[in-house]
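Spelled out from the first residue to the last, the chains are:
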Amino acid sequence: GSTGAGKSTLVNALVGHPVSRSGAIRPTTRRPVLLHPPHDEPWFTGTRILPGLARVHAGQRQDPEAPGTGDTTGDVDPATSLELHGQEQIPQGLALLDAPDIDSVAAGNRELARQLLRAADLWLFVTTANRYADAVPWEVLRTAAERDVTVDVVMNRIPDQEGVREELAEDLRGLLERRGVAVERLFLVPESDLDAEGMLPPAVIAELREHFARLAADGEGRGRIARRTLAGAIDGLAGSATRIAEHAAVQDTERQRLREQAITSFSGARERIDEALGDGSLLRGEVLARWQD
């Protein structure tokens, strides 16, 4: 989701205590955080998933001079590590990945967020009542529609006013339908006060927690989601390969044009030098007269 949508706050609420940094400074999530059941850790410590990111375990100190571990608020390299948290509260068979903002001011964060999205089976897209119509989120959702990714949407921070919840939900569903984005579930989270630890009241995300519990218990359903996302990614390769081939053909044509232009320029220069030496026009004054003699 977008900057400040409350992604980390929701992740913390799902496990019942702070595990991912949340706050007012943007971007807040500089290094992605992956929450998994403790027994599933071997799935994520290897390089099969997100091979380009080093693994850092919760509480493990990392060299502050290492690439990607510093402040990424500017257009610098993104974080190069993935923080692993084994959490008993995560149901067996699921893992939650708290990603950087898709519209972060840091270019590296934006690309990292898209890399993480490409590695996920299911997208839980988080937006707010104030920003659900922003352009950047809809560009990302369009990508999900093109790849036929399973998408759930959370609309966060809905004002606690009569009729507002229903009105916003109807408008968001209409936007999704008009843009061809098929959403499996839409979760509505009201504006709530946070406690001293920055935690949401458990009741406001009860529906979301129950949804993940049902998904964890449904092995066939999880497999169906994974196969659908994989099939969409493979189908998308044809279009990507075609576009790459078209760009390569354009570059090859331009390379040939530049080569011919260089050959023509050099061959013409040689001919002009031969002519200038032959008729003496390269020379002046007495030297020219002697040359002509």
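On a predicted model such as this, the values are computed, not experimentally measured, just so you know.

Engineer: Just to check I follow, could you spell out the overall build of the protein for this structure?
Structural biologist: Secondary structure summary: the protein contains eight helices and seven strands in total. Taking all 293 residues of the protein together, the buried fraction comes to 38%. In the protein, the proportion of contacts linking residues at least 24 apart, taken out of those at least 6 apart, comes to 72%.

Engineer: Sorry if this is basic, but what is going on with the side chain of Thr-229 here?
Structural biologist: Here Thr-229 is to be found in helix α7 (residues 219–279). A distance of 2.6 Å separates a polar atom in the side chain of Thr-229 from the backbone oxygen of Asp-121. Apart from the residues within four sequence positions on either side, Thr-229 is in contact with Ala-120, Asp-121, Arg-147, Val-149 and Thr-150.

Engineer: Before we go on, may I ask you to explain the confidence of the model for the protein in this structure?
Structural biologist: Low-pLDDT portions of the prediction should not be read for the details of their coordinates. Scored by pLDDT, the protein has a mean of 85; 89% of the residues are at 70 or more. Low pLDDT (under 50) marks residues 62–76, which in the prediction has 30 contacts with non-local residues, meaning those over four places away or in another chain.

Engineer: Please clarify how the sheet that holds strand β1 (residues 33–36) should be interpreted in this entry.
Structural biologist: Strands pair in a sheet through their backbones, by hydrogen bonds, and they do so in one of two ways: parallel or antiparallel. Reading across the sheet, the four strands line up as β2-β3-β1-β4 and stay open at both edges, with mixed pairing between neighbours. Of all strands in the sheet, those bounded by a partner on one side alone are β2 (54–57) and β4 (96–98). Neighbour to neighbour, the strand axes of the sheet diverge by 25 degrees on average, direction disregarded. With four bridges joining them, β2 and strand β3 (residues 81–86) adopt parallel strand pairing. Bridging from a neighbouring strand, Val-56 pairs with Glu-83 of β3.

Engineer: Would you mind going over the pattern of salt bridges with me for this structure?
Structural biologist: Close approach of charged atoms allows side chains with opposite charge to pair. For the coordinates displayed, the defined rule picks out 13 salt bridges. A salt bridge links Arg-228 to Asp-148, with the shortest nitrogen-to-oxygen separation between them at 3.1 Å. Of the two residues, Arg-228 is situated in helix α7 and Asp-148 in the loop between α4 (135–147) and β6 (150–158); the sequence distance between them amounts to 80 residues. Exposure remark for Asp-148: the relative accessible area of 38% places this residue in the partly exposed category. Residues Arg-228 and Glu-184 are paired through a salt bridge, measuring 3.2 Å at the closest nitrogen-oxygen approach.

Engineer: Even after reading the chapter, I still don't get unusual backbone geometry, so can you show me in this structure?
Structural biologist: Excluding glycine, residues mostly have negative phi values, and the peptide bonds linking residues are mostly trans. Even without being a glycine, Asp-148 presents a positive backbone phi close to 60 degrees. The phi dihedral of Arg-157 falls on the positive side, at around 60 degrees, and the residue is not glycine. Mapped onto the secondary structure, Arg-157 falls in strand β6.

Engineer: Sorry, what's going on with the side chain of His-36 here?
Structural biologist: Tracing the backbone through its elements, the reader meets His-36 in strand β1. Judged by relative accessible area, His-36 falls into the buried class, the value being 1%. Contact partners of His-36, with chain neighbours within four places excluded, come to Glu-41, Phe-44, Leu-84, His-85, Gly-86, Gln-87, Ile-90, Leu-94 and Ala-95.

Engineer: Explain the nonpolar core to me, please; I cannot follow it from the model alone.
Structural biologist: Across soluble globular proteins, nonpolar side chains show a tendency to be buried alongside one another. Within the largest apolar cluster, 25 residues are counted, with the highest numbers of intra-cluster contacts made by Trp-123, Phe-125, Leu-141, Val-151, Met-155, Leu-168 and Leu-172. Elements supplying a minimum of two residues to this core: α3 (107–119), β5 (122–128), α4, β6, α5 (164–178) and β7 (183–190). The element that contributes the greatest number of residues to this core is α5, accounting for six residues. In contact with Leu-168, not counting residues within four places along its chain, are Ala-129, Tyr-132, Met-155, Ile-158 and Pro-159. Formed by 24 residues, the second largest nonpolar core is a distinct cluster that contains Ala-5, Val-33, Ile-90 and Val-189.

Engineer: Would you explain the sheet that holds β7 in this entry?
Structural biologist: The sheet built from three strands is open, its strands ordered β5-β6-β7 with parallel pairing. The strands lining the two open edges of the sheet, one partner per strand, are β5 and β7. Taking the axes of each pair of neighbouring strands and ignoring which way they run, one obtains an average angle of 20 degrees across the sheet. In this sheet, β7 lies alongside β6 in parallel orientation, the contact comprising six bridges. Directly across from Met-155, in β7, lies its bridge partner Leu-188. Packed onto the sheet, α4 meets β5 and β6 and runs at close to 155 degrees relative to β5.

Engineer: Sorry if this is basic, but what is going on with the packing of helix α6 (residues 206–217) against α7 here?
Structural biologist: Packed helices, taken two at a time, are described by the angle between their axes plus the distance between the axes. Where α6 contacts α7, the axes come no closer than 5 Å and their chain directions differ by 95 degrees. Here α6 lies roughly perpendicular to α7, going by the angle between them. Along its contact with α6, which presents Leu-215, Ala-216 and Ala-217, the element α7 presents Gly-219, Arg-222 and Ile-225. For the contact of α6 with α7, the residue count by class is four nonpolar, one polar and one charged.

About the thresholds
- Chains are numbered independently. Their residues run from 1 in the order of the written sequence.
- Local features are withheld for residues below a pLDDT of 70 in this predicted model, meaning they are given only at 70 or higher, and side-chain atom pairs are given and counted only at 80 or more; totals for whole chains, interfaces and linings count all residues.
- Each side-chain value is worked out from all heavy atoms of the structure, with water and hydrogens disregarded.
- Counting from the N terminus, the helices are the DSSP runs of H or I reaching at least four residues and the strands are the DSSP runs of E reaching at least two.
- The cut-offs for exposure are 20% and 50% of the maximum accessible area for each residue type, with area from a 1.4 Å probe on protein chains only; residues under the lower value are buried, those over the upper are exposed, and the others partly exposed.
- In this description, contact between two residues means that some pair of their heavy atoms is separated by no more than 4.5 Å.
- Two N or O atoms count as a polar contact when they lie within 3.5 Å, although within protein this holds only if one can serve as hydrogen donor and the other as acceptor, and sequence-adjacent residues are included solely when both atoms are side-chain atoms.
- Within a predicted model, pLDDT stands for the predictor's per-residue confidence, ranging from 0 to 100.
- In this analysis, strands are considered paired if DSSP registers two or more bridges between them.
- Axis lines are fitted through C-alpha atoms, for helices just across the contact stretch, and the angle between N-to-C directions can take any value from 0 to 180 degrees.
- Any carboxyl oxygen of Asp or Glu that lies within 4 Å of a side-chain nitrogen of Lys or Arg is treated as forming a salt bridge with it.
- Joining through side-chain atoms within 4.5 Å is the link that ties buried Ala, Val, Leu, Ile, Met, Phe, Trp, Tyr and Cys residues into a set, and such a set is a nonpolar core.
- Every angle not falling under 35 degrees, over 145, or within 65 to 115 is termed oblique; those three ranges are roughly parallel, roughly antiparallel and roughly perpendicular.
- By the convention adopted, Pro, Cys, Tyr, Trp, Phe, Met, Ile, Leu, Val and Ala count as nonpolar, Lys, Arg, Asp and Glu as charged, and the other residues, Gly among them, as polar.

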